[in-house]
Amino acid sequence: MKNSKKRLLIAGLASSMVLSMAVPTFACTGIIVGKDLTTDGSFIFGRTEDYQRNRTMRLVTHPRGEIKKGDKLVDVNNGFTYIHKEDSLKFFSTPDSSKKPKDMEQGVYDAAGYNEAGVGIFCTVSADPSDEVLKADPFVKDGVNEASMTTFLLAHAKSARGAIELLAKTIDEQGASMGDIVAFGDQDEVWYMEIYTGHQYVAIKYPADKFSIFPNDFWLGGVDLKDKENVIASKDIVEVAKKAKTYKETADGLMDMAGSYGPKEIADTSRSRVWSGIHDLDPNSKLPYDAKRFDLLNDLSEGSEKIDITHALNVFRNRLDGTEFTPSDNKAERKANPKTHKRPIGSINTMQAHIFQIKKGYPKEAPGLMWMTLGSPLNIPWIPIFPDINDSTPEAKNDSPVYDANSYYWVGSSVNDLVSGNREALGESTRKTVTDFEAKIMKDLPQVEKEWIELYSKDKAKAAEFSTAKTMEWEKEVFDLEKGLQKELSQVSKADLIDHWARNPIIDAINKKLMVGTSDLKFSPNEKITRGEFITILGRLGKVDTKKYAEVKDKNIEAGKFYTEYMNWAVENKLLPKTSKAMANEAITREEMAYTLAAYLKLMGDDTSTLKMVVFDDQKEISDWALGEIEFLVNKGILSGTTNNKFSPKANLTRAEVAQIISKLNK
């Protein structure tokens, strides 16, 4: 791609802004809690953004007027164009990297933020309509989508209702290219909107006495379309459903939106999240897992307590806790175990999470906080972002599209990966470290809020300086905490072990100090293992006194390496086959490994008297000098063939395969 096009793809809110075609993020989960159901009267709404791991997220601020009247917002993939009718408001957002790899969709995806008019916005939780309604009103190829909508809404919306009206007008005039759910809030109200097809949508003013959990399906039930004060709907919302022959009404005669526009069945990945989220917020709920329908608007059951912000934040960490189900972030694993393994809300695949808290006593133009994690909140602390900030730390706005040790997102995400690689041992203690930090934030926050509100009433500029400094202080503390966790956890886990078939034996080998990573964060389980690495593992297993083997025993052994003394030990004790040179950096074959391992076990005094004949279909390919040793190891249950009764003697071994073999030596 030419440099000029790269500058367009960055879409850094310059005079001609370019965004790419959106790809649905079909694992996001939304939450809304009405102010009558919270302990402090806050209105809470937010979502997780789940699509793919290792996708940079940032906190970026945009000064007033950064976008000029007449500037164009252009989606280079689908051609959607938005012409800004006035200069932009000041706002902050949480976009992707502007330098993403070519194989990743290139949009800004501003995602979530506040503007200086006091409007909090998140976009989107993606959802699919039924085939029938989509045929009646298809998506518009160059219509608005989640890659672009957050940007122009934050730039111009003066109220939550105004944001709904602006988005609705855009859909009316230019259409939508995908199904989405969005939520916007200000000091007075919160609005929830479902975008169903190319031109059909419904938005409601969210009631103060309800709560919702909404993953990637449509959930809105009966809606009074005549209630213009509390409902905004596309003009053909009824006609399109009737044309598609999907129109449904509730028992009280209202149009059933999800029944009319949603698919006939709720996806199980949505079912597991909506069910567990409702039970998390409402522990006394009797709603069964296999319910035919989950309503958007829920009441708290008798005996269930009102919800505070800490509870709401922790919903996005819910991994089916206290249920009969096993949480799984792995699609293949869920497919293989559909009755037991379910998709949790709290996922390693979460790229960021944000929860808005519209608070009593806050100014109209700055009505609340946005709690944020860049990366999954599973093992990254939530911090509050004030709505009027001017900047964020270099770590929080780091734009690197790949791992960067100075990136808030990448360091935090590596901690999530390290914990997930050894969750049984690390999950509880790491979570305590994170929640202890959050408890400190919660304790200090009231005084910080008091100082900020007082400043805001006198001098908004000084208030913004104060909130910026405090936000950056928290960002720095979180970054340092995650750095410390990264260093600590990388000693007992690695970031590339998630869902790996040999995860347990690898962790065991690391903990016993038999194997180490290829770097601080990686084990590289699928890389070929070298002769020097394998000999070193055996030497560590046998507790070899390396001081006795300092003298180089072979011209091919290089001095001063991690394997030097162990290779000397192997040569002296004839652990290598005669056909093998003592070249440590060569990949070792399966038959050489078998010879060396058998020689090691015999050196350690292992019994060889109970051998039974072993025959492989590729026996002729096995070298004569290795056949007896392979037979010995197969009899002991340490080795087996590869596939179809073949041993594959000339194939190399991976680091994971060696960890698995070594784990059998202790059985």
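Provided above is the structure to which this section pertains.
From a predicted model like this one, the values you see are computed outputs, not experimental measurements.

Rules behind the numbers
Residues numbered from 1 in each chain as written. Predicted model: local features only at pLDDT ≥ 70, side-chain atom pairs only at ≥ 80, totals over all residues. Heavy atoms only, no water. Helix = DSSP H or I, 4+ residues; strand = E, 2+ residues; numbered from the N terminus. Buried < 20%, exposed > 50% of the residue type's maximum accessible area, 1.4 Å probe, protein only. Salt bridge = Lys/Arg side-chain N within 4 Å of Asp/Glu carboxyl O. Pairing = 2+ DSSP bridges. Axes fitted to C-alpha atoms, helices over the stretch in contact; angles between N-to-C directions. Contact = heavy atoms within 4.5 Å.

## Overview of the environment of Asp295
- Tracing the backbone shows Asp295 in the loop between helix H7 (268-281) and helix H8 (309-315).
- Of the residues examined, Asp295 reaches a relative accessible area of 44% and is grouped as partly exposed.

## Looking at the pattern of salt bridges
- Taken as a whole and judged by the stated rule, the model has 35 salt bridges.
- A salt bridge links Arg47 to Glu49; the nearest nitrogen and oxygen atoms lie 3.4 Å apart. Residue Arg47 shares its accessibility class with Glu49, and that shared class is buried.
- For the salt bridge of Asp480 with Lys476, the shortest nitrogen-to-oxygen distance reads 2.9 Å. Here Asp480 and its partner Lys476 are both found in helix H12 (residues 460-489), four residues apart, which amounts to about one turn of the helix.
- Overlapping salt bridges, with partners in common, bring together Arg531, Glu586 and Glu592 in one network.

## Observations regarding the sheet that holds strand E12 (residues 201-205)
- Sheet architecture is open: six strands sit in the order E8-E9-E10-E11-E12-E15, paired in antiparallel fashion. On the outer flanks of this sheet lie strand E8 (112-114) and strand E15 (231-233), each paired with one strand and no other. Pairs of neighbouring strands in the sheet enclose a mean axial angle of 15°, with direction left out of account.
- Where E8 meets strand E9 (residues 120-126), three bridges bridge the pair, whose relative direction is antiparallel. Residue pairing for E9: Tyr114 is matched across the bridge by Gly120.
- Strand contacts of helix H3 (residues 146-156): E8, E9, strand E10 (180-185) and strand E11 (190-195), with the helix running at about 165° to E9, the strand carrying the most contacts.

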